[in-house]
Amino acid sequence: MILTVTMNPSVDISYPIPEFKLDDVNRVAAVRKTAGGKGLNVARVIKQLGENVLATGVLGGTIGDYIIQELTKAEIENNFLKINQESRNCIAILHDGKQTEILESGPTLTAEDGSAFLAKYETLLSNVSLVTISGSLPKGLASSFYRSMVEKGRDKGIPVIVDTSGESLRQVLLHNVKPFAIKPNITELTQLLGREVEQSISSLSQALEDDMFQGIEWIVVSMGGAGAFVKHGSDFYRVTIPPIDVVNPVGSGDATVAGLAVALKHKQPAPVVLKTAMTTGMLNTMEAATGHINTAYFSRFFELVNVEKIDY
Ligand code: ATP
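Being a predicted model, the structure only gives us computed values, none of them experimental.

K.L.:
Hey, could you run me through the pairing of strand β10 (residues 160–163) in this one?
P.N.:
A regular strand places its side chains so that they alternate between the two faces of the sheet. Judged by which residues are buried, β10 turns out to be covered on both faces: V160 and V162 on one side and I161 and D163 on the other are all buried. As paired strands, strand β9 (residues 130–134) and β10 are joined by four bridges and run parallel to one another. Each residue of the ladder has a partner; that of I133, found in β10, is V162. In this fold, β9 hands off to helix α4 (residues 145–155), which returns the chain to β10; that crossover is right-handed. Pairing geometry for β10 and strand β11 (residues 181–182), over two bridges, is parallel. If you follow I161 over to β11, its bridge partner there is A181.

So, in C-alpha cells, the structure goes:
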C-alpha cells in the first residue's frame, strides 16, 4: 500500500461566473466542491491506477468531515489526525477566461498536534511500502517538519517521495538523510539554487550536480509540455512527450508523482518509471477535473513518451 500525506488539505470550491462583477452581487448556479490539496490529488490518481492507497494528514471541523466523506465516497482509505480547528476552503472564481483564487491559509497547528501526527505517521508506516509527501506545511509547524518524516521512513527502509517547495523543500535537502525522490519544476529548482536554471541539458545537468541533491535516488524535474529532465543515481535522462490537447493542467505535477510512486513501488526499470510518470501527468491535463486521469488512454500515451539517456 502507498501512503499519501497532505498536511493542509482543503475543500476546493469553484465558482463559474462568466461575467464577474466587482463590488456587486454575483450569483452562482453550478458550484463544484472537491476534496483538495496536492496529496489528495496524488491519492486519487494512485487509486485510479488500481493501487491500494491510504491518505493521511491533518484535518478538522465540518470542512474536515466533508473531505473524509469525499474520500470515502471515492473508496480511498483514509486515516487523518483530527484537530479542534476548521480545515480550509480554497475558492477559484472562473471568470472572463481567467481564474481568480482566494486561498485560506488554514489552521495553525500546535507543537502537540505536530507530535501527535508524527506518532500516527509512524504507526501507519508499519503497513505501507512507499510514502508520498505533497504540498505546503500548515502554519505552526517548523519548516523542518518533513525532515523527520523522511527520516522515520528511512529508519524503516521505506522510500519517501517529497513534492514540496520553498523552505520546507530546502530543509529536506539540507538534511543528511535524503528522500528517495523529489519532483521539482524549473521554478522550484531556480528558487532552491538561487540562480536561474534554463531548460537546456547543460544548465539542468549542472543544476542537479549541486551538493544539495547528492544521495537522492530520483530527481524528476518536470517541465510541463516539454516533459522532464531526470537524474537517477549518476545517470541523466531527457524525457519528451507528444503534443496533446490540454483541458486543465492543474494537478498534473501531482498526477506525475502518483505515476512515479506506483512505478517505483513495483520496482520498474528506469525507462518504465519515467514513462509512467509522464503518462499520468499528461492524462491529468486532458481531463477537466483536477487530480483525475482516464486510464483507458494509458497505454496509447505511454508508448508515445520518449526516454533518452544522456552522456554527460
Ligand atoms: P502543478 O503545479 O500544476 O501540479 P507542476 O509544475 O508540478 O504542475 P508540470 O511540470 O507542469 O508540473 O507537469 C507535470 C507533467 O504533466 C509534465 O512533466 C507532463 O508530463 C504533464 N504536462 C503538464 N503540462 C503539460 C502540457 N501542457 N502538455 C503535455 N503534458 C503536460
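Picking up after the structure, the text goes on.
K.L.:
Quick question: what am I supposed to make of the environment of H292 here?
P.N.:
Summarising the element assignment, H292 is placed in the loop between α9 (270–285) and α10 (298–302). Each C-alpha atom of the pair H292 and E308 lies 28 Å from the other, and the pair is 16 residues apart in sequence. Ignoring anything within four residues of it in the chain, the contact list for H292 reads V45, Q48, L283, N284 and E287. Separated by 2.9 Å, the side chains of H292 and Q48 make a polar contact.

K.L.:
Looking at this structure, how should I read unusual backbone geometry?
P.N.:
Among all residues save glycine, negative phi is the norm, and among peptide bonds the norm is trans. Positioned with a positive phi, E75 is a non-glycine residue whose angle comes to about 60°. Looking at the element boundaries, E75 is found in the loop between α2 (61–73) and β5 (77–78). Even without being a glycine, K267 presents a positive backbone phi close to 50°. Among the secondary structure elements, K267 is positioned in the loop between α8 (252–265) and α9.

K.L.:
What am I meant to see in the UniProt feature "domain: Carbohydrate kinase PfkB" (unreviewed entry) in the chain here?
P.N.:
This chain's UniProt record puts "domain: Carbohydrate kinase PfkB" (unreviewed entry) on residues 9–290. Spanning residues 9–290, this segment combines 37% helix with 23% strand, and its end C-alpha atoms are found 14 Å apart.

K.L.:
I keep staring at the site of the ligand and nothing clicks. Help me out?
P.N.:
The immediate surroundings of the ligand are formed by 21 residues, with K183, N185, S222, G224 and G253 found nearest. A distance of 3.4 Å is found between an oxygen atom of the ligand and a backbone nitrogen or oxygen belonging to M223. Elements with a minimum of two residues in the shell around the ligand: α8 and α9. Tallied by class, residues from the shell around the ligand come to eight nonpolar, eleven polar and two charged.

K.L.:
Where do I start with the sheet that holds strand β8 (residues 98–103) in this structure?
P.N.:
Two pairing modes exist for strands in a sheet, parallel and antiparallel, and in both the strands are linked by backbone hydrogen bonds. Spatially, four strands are ordered β3-β2-β7-β8 in an open sheet, and the strand pairing comes out mixed. The outermost strands of the open sheet, each flanked by one partner alone, are β3 (32–36) and β8. The sheet shows a mean angle of 20° between the axes of neighbouring strands, direction not considered. Where strand β7 (residues 88–95) and β8 come together, six bridges link them in antiparallel fashion. Within β8, the residue paired with I91 across the bridge is I102.

K.L.:
Looking at this structure, I do not really get the pattern of salt bridges. What am I missing?
P.N.:
Oppositely charged side chains are able to pair whenever their charged atoms sit close together. Enumeration according to the criterion identifies eight salt bridges in this entry. R170 serves as the salt-bridge partner of E167, at 3.4 Å between the closest nitrogen and oxygen. In this pair, E167 and R170 are both assigned in helix α5 (residues 166–174), three residues apart and thus about one turn of the helix distant. Relative accessible area serves as the criterion here: at 26%, R170 is assigned to the partly exposed category.

Thresholds, definitions, all that
- Residues numbered from 1 in each chain as written.
- Predicted model: local features only at pLDDT ≥ 70, side-chain atom pairs only at ≥ 80, totals over all residues.
- Heavy atoms only, no water.
- Buried < 20%, exposed > 50% of the residue type's maximum accessible area, 1.4 Å probe, protein only.
- Helix = DSSP H or I, 4+ residues; strand = E, 2+ residues; numbered from the N terminus.
- Pairing = 2+ DSSP bridges.
- Right-handed = clockwise from strand over helix to strand, strands pointing away.
- Contact = heavy atoms within 4.5 Å.
- Polar contact = N/O pair within 3.5 Å; in protein donor to acceptor, adjacent residues only side chain to side chain.
- UniProt positions renumbered as here; feature names shortened; annotations may be inferred.
- Near = heavy atom within 4 Å.
- Nonpolar A, V, L, I, M, F, W, Y, C, P; charged D, E, K, R; others polar.
- Axes fitted to C-alpha atoms, helices over the stretch in contact; angles between N-to-C directions.
- Salt bridge = Lys/Arg side-chain N within 4 Å of Asp/Glu carboxyl O.

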